[in-house]
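Here's the letter readout for the chains.
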Amino acid sequence: MALLQHGALQPNNWRFVGDDAAIPVDEPVTVSLKRWQAEGESLRGRNAPVGVRLKNDEAPQALGQDVHRLSLIEVEFPKFTDGRAFSQARILRDKLGYKGELRGIGTILRDQYLYMTRCGIDSVELPEDKSIDGYLAALKEFSAWYQPASDGRLTVIELRHPANANARRGGAPVVTASVAAHSA
Amino acid sequence: MYRYDEFDATIVRERVEQFRGQVARRLAGELTEDQFRPLRLKNGLYLQLHAYMLRIAIPYGVLSSRQVRKLAYIARRYDRGFGHFTTRQNIQFHWPQLPEVPDILQHLADVEMHAIQTSGNCIRNVTADQFAGVAADEVEDPRIWAEIVRQWSTFHPEFSYLPRKFKIAVTGAQDDRAAIRTHDIGLRLVKNDAGETGFEVWVGGGLGRTPILAVRCRAFLPKQHLLSYLEAILRTYNLLGRRDNIYKARIKILVQATGGEKFAQMVEEEWEKIKDGPLHLPQAEVDRIHRYFAPPAYETLPDIDPAFETAKLEHPEFARWARVNLVKHQVPGYAIVNIALKSEGGVPGDASADQMDLLAEVADAFSLGEVRITHHQNVVLPYVRKRDLFALWQRLKPAKLATSNLGFISDIIACPGLDYCNLANARSIPVAQRLSRHFGDPRKLDEIGELRLNISGCINACGHHHVGHIGILGVDKQGQEFYQVTVGGSSKEDASLGKIVGAAFSEDDIVPAIDTIINTYLANRTDRSERFLDYVRRAGVDPFKEALYGSAPARRTAAE
Ligand code: HEM
Ligand code: SF4
């Protein structure tokens, strides 16, 4: 699988290692939450980055402050209709303050890609031969946002009331540009 | 009423273009029907028995005359000259062609309307009291909050793929006309001891196969925290709601399984962490939305209008309409007018394009250009001067829009049933038509008094049969259409679920069975002040069982 990240398809050099398989010494790997909880110390002792693959029904809060020690967290979209990972992603970003790479894996459809990015997911796994044009186009389908999410985009309410937003965002000036300019 | 600013307009316009692209991909074969399905459902497009059905949102039931005219245009141009108003303040067109749907959406966008999130497992069109802003018993106007919720829930990136659909209703009055306890979340504006207004929050209501009334999740929520509290409920549900079984996926099942108190506690914990974050509502935004719902420039009028009084004396039929279909207004000299889309032998909730044009016309002439749609599938004119009532009635009558049966047995809620719906067990519309004819005599209606009769064609309960004073449910018995009857339901502040009277009735037996139920009530009520619902609550189902099945219910049990 390849990665869609920063607007382009990139090679993926991460590997998920099952609970019973041996961990390679110098390769970036993700492991299950369970394995991380059991072997976190030794995993961090390696020379290569480590990440966790969260299952759909696992609470991100279980990682606690460990999130700051991880280089990658993967959340799963087992099928189109299962939206739990959207909430998991928001908890990781907004509540736990996770700053590292947050990756969506599983069924990644272009029609959900925009929402994934809004929830703080910054890379997704796609088949190597997949055309990414549709995904990139999907990001441009909207230019105004009603609700705050994990992407820091200005909301419609903030654009309507810039003074308010200034205060909330700690004084950083909010540009009251038109919607069109905002999207550019 | 609310008007779009540049942001609202942009979002709706971009949605039309996005959907146009999705339809094009489907027509070009880039998307299979399976892949297209969840996409079209997010935009209210169902595949039904004969054709596609497009469900259009009428947020909290408010329409301008311009919007009504546009609906009439769509009915003529893209449908067979009809529209169907639903129990969720939506309108459905049953015959659009897929390639034309993006154009219909463009027409809607031109008048600030859309079909966004009218189906699918997301937060659906927000509903509210149809008398908002004019009801005499109102604590505060729910439309402001319904609009705030509409905007927040539109394309919510986190809550667009929930375990199941999610419905929110808001009321601001004592008398619950929004049926908040049958919703996933019900919001009621209340005053606390300090005299501040806030929300009482109810959660976990829903009908369908497992009807459950919502439980109270919070007694008082300060208004500026509305969105963070909703977000806390939705996040808890999105993560924990069941996804393994579609019949157990609604929030009501989660709330029941967790326990109301425990669930409320989980929500509270989540909410504590986010309540002072970016969802905290700035007063400036509340004020901005509030301004759109400022009361119109009412005239100072005497509450008793002599011309109106005279017309009633001279025209008994008008007097009856006025007695039955008018509701007390906040402002002296004005009335709230209910227009029942329940003509004798008609299809509940259906309006023809001509009727819609007439509604727009009378709204302009008599009601400041505004109409409302109710969850009882009727229409409301919210701002009519009493002195105009007679002229209004004269315009409505020839168009079959002056039926005087609001709140009576022939003011039936009915889902589309087997005539349109591929999930149906039985037809609902013909039963509603036969009942409305059977109980067509106004004297009979008056004698029976207040009575809510609701019909669903299957267990999905689109016709709210569980909360009808009398409920009729279509069931399938060896390939035959049968009807199960419940009594004692209510969707109001005294909400309750109906109890089954016994074995189901055949198509031929259903109208006589309802007649028997009514006669049992009439023969046994203490007096006229004991409404049907009161009687059922006092006497239970036994008198009905006795009357319907006697001591030998054998014939009907055979069909069970
Ligand atoms: C004709 C196509 C329709 C289809 C395929 C359809 C499908 C469904 C389904 C599957 C449910 C059950 C969902 C659940 O319990 O989780 C449901 C419930 C419901 N539908 Fe429909 N429906 C249709 C039309 C309508 C119409 C015309 C109305 C309004 C008159 C309506 C209003 C409702 C309401 C109020 C509920 C109950 C909500 C609840 O359980 O809380 N639907 N519908
Ligand atoms: S209650 Fe059943 S028959 Fe009626 S519209 Fe809903 S799904 Fe169809």
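Parameters and conventions
- Residues numbered from 1 in each chain as written.
- Chains lettered and ligands numbered in written order.
- Predicted model: local features only at pLDDT ≥ 70, side-chain atom pairs only at ≥ 80, totals over all residues.
- Heavy atoms only, no water.
- Helix = DSSP H or I, 4+ residues; strand = E, 2+ residues; numbered from the N terminus.
- Buried < 20%, exposed > 50% of the residue type's maximum accessible area, 1.4 Å probe, protein only.
- Contact = heavy atoms within 4.5 Å.
- Areas by Shrake-Rupley, 256 points an atom, 1.4 Å probe, with all protein chains shown as cover.
- Rg over C-alpha atoms; globule rule 2.2 N^0.38 Å.
- Near = heavy atom within 4 Å.
- Nonpolar A, V, L, I, M, F, W, Y, C, P; charged D, E, K, R; others polar.
- Salt bridge = Lys/Arg side-chain N within 4 Å of Asp/Glu carboxyl O.
- Polar contact = N/O pair within 3.5 Å; in protein donor to acceptor, adjacent residues only side chain to side chain.
- Arc of directions from axis to C-beta.
- pLDDT = per-residue confidence, 0-100.
- Core = buried A, V, L, I, M, F, W, Y, C linked by side-chain atoms within 4.5 Å.
- Phe/Tyr/Trp six-rings, centres within 6.5 Å; stacked < 30°, edge-to-face > 60°.

Novice: How should the overall build of chain A be read in this particular structure?
Specialist: A count of helical and extended segments in chain A gives seven helices and eight strands. Across the 184 residues in chain A, those meeting the buried criterion constitute 53%. A sequence separation of at least 24 residues applies to 49% of the contacts in chain A between residues at least 6 apart. When the accessible surface of chain A is totalled, it reaches about 8,100 Å², and 52% of it is carbon and sulfur.

Novice: Could you clarify how one ought to interpret the overall build of chain B in this entry?
Specialist: Along its length, chain B carries 19 helices and 21 strands. Against the globule reference of 24 Å for 560 residues, chain B gives a C-alpha radius of gyration of 23 Å, in line with a compact fold. Seen through its principal axes, chain B has C-alpha atoms that stretch 60 × 60 × 55 Å. Counting every position in chain B, which comprises 560 residues, the buried fraction comes to 65%. In chain B, the share of contacts with a sequence separation of at least 24, taken over all contacts with a separation of at least 6, comes to 68%. Total accessible area on chain B is roughly 20,200 Å²; 50% of this is exposed by carbon and sulfur atoms.

Novice: Please clarify how the site of ligand 2 should be interpreted in this entry.
Specialist: With respect to spatial proximity, the complete set of residues near ligand 2 consists of B:Cys415, B:Pro416, B:Gly417, B:Cys421, B:Leu423, B:Ala424, B:Ser456, B:Gly457, B:Cys458, B:Asn460, B:Ala461 and B:Cys462. The class makeup of the residues in the shell around ligand 2 is eight nonpolar, four polar and no charged.

Novice: I keep staring at the interface of chain A and chain B and nothing clicks. Help me out?
Specialist: Often the size quoted for an interface is simply the accessible area lost on bringing the parts together. Facing 35 residues of chain A, the contacting portion of chain B comprises 43 residues. A salt bridge links B:Glu158 to A:Arg90; its shortest N-O distance comes to 3.0 Å. Put simply, the parts of the chain that give the side of chain A that touches chain B at least two residues each are α2 (84–95), α3 (110–118), α5 (156–160) and α6 (162–168) of chain A. Tallying contributions element by element places α2(A) first for the side of chain A that touches chain B, with seven residues. Residue composition of the side of chain A that touches chain B, by class: 15 nonpolar, 10 polar and 10 charged.

Novice: Would you take a moment to explain the site of ligand 1 for this structure?
Specialist: Residue and element names in this part refer to chain B. Near ligand 1 you find 24 residues, and of these Gln-48, Lys-165, Lys-167, Arg-250 and Cys-462 are the closest. Contact between ligand 1 and Leu-207: an oxygen atom at 2.9 Å from a main-chain N or O atom of the residue. Between Gly-208 and ligand 1, the recorded distance is 3.3 Å, taken from a backbone N or O atom to an oxygen atom.

Novice: Explanation requested: helix α9 (residues 283–292) of chain B in the structure shown.
Specialist: Since the α-helix packs 3.6 residues into each turn, any two residues three or four apart lie on the same face. All of the buried residues in α9(B) are B:Glu285, B:Val286, B:Arg288 and B:Ile289. Projection of α9(B) onto a plane perpendicular to its axis shows the buried side chains occupying an angular sector of 160°, all on one side. Residues of α9(B) that are buried make contact with α5 of chain A together with α5 (142–153) of chain B.

Novice: What is the right way to read the confidence of the model for chain B from this model?
Specialist: For any part of a model where pLDDT is low, the fine detail of the predicted coordinates should not be relied upon. Residues and elements named next belong to chain B. Averaged over all residues, the pLDDT of chain B equals 95, while 98% of them reach at least 70. The model gives residues 552–560 a pLDDT under 50, and that stretch makes 12 contacts with residues more than four places away or in other chains. For this predicted complex, the interface score ipTM comes out at 0.92, while the overall pTM is 0.92.

Novice: Would you explain the nonpolar core in this entry?
Specialist: The tendency in soluble globular proteins is for nonpolar side chains to be buried as a group. With 158 residues, the main nonpolar core has A:Leu63, A:Leu92, B:Phe166, B:Ile185, B:Ile233 and B:Trp321 as its most contacted residues. For B:Trp321, the residues in contact, after removing those within four places along its chain, are B:Leu326, B:Val337, B:Asn338, B:Leu389, B:Leu392, B:Trp393, B:Leu396, B:Ala402, B:Thr403 and B:Ser404. One finds B:Val324, B:Ile517, B:Phe532 and B:Phe544 within the second-largest nonpolar core, a separate group that totals 38 residues.

Novice: Please explain the environment of B:His183 as it appears in this structure.
Specialist: Residue and element names in this part refer to chain B. Here His-183 lies in the loop between β7 (168–171) and β8 (185–191). Along the sequence, His-183 and Glu-14 sit 169 residues apart, while their C-alpha atoms lie 30 Å from each other. With sequence-adjacent residues up to four places away left out, His-183 is seen in contact with Arg-88, Thr-127, Lys-167, Ile-168, Ala-169, Ala-178, Gly-204, Gly-205, Gly-206 and Ala-214. Looking at His-183, its side chain comes within polar contact range of the main-chain oxygen of Ala-179, at 2.8 Å.

Novice: Where do I start with the environment of B:Asn519 in this structure?
Specialist: Along the chain, the position of B:Asn519 falls in helix α16 (residues 510–524). In this structure the C-alpha to C-alpha distance between B:Asn519 and B:Phe544, which are 25 residues apart in sequence, comes to 9.5 Å.

Novice: Sorry if this is basic, but what is going on with the packing of aromatic side chains here?
Specialist: To describe a pair of aromatic rings, one takes the distance between the centres and the angle between the planes. Residue and element names in this part refer to chain B. As enumerated under the stated definition, the model contains 25 aromatic pairs over all chains in all. A centroid spacing of 5.0 Å and a plane angle of 70° characterise the contact between Phe-318 and Phe-390, whose relative ring orientation is edge-to-face. Of this pair, Phe-318 sits in helix α11 (residues 316–325) while Phe-390 sits in helix α13 (residues 389–396), and the two are 72 residues apart along the sequence. A centroid spacing of 5.9 Å and a plane angle of 20° characterise the contact between Phe-390 and Trp-393, whose relative ring orientation is stacked. Highlighted residues: Phe-390 and Trp-393, both in helix α13, separated by three residues, approximately one helical turn.

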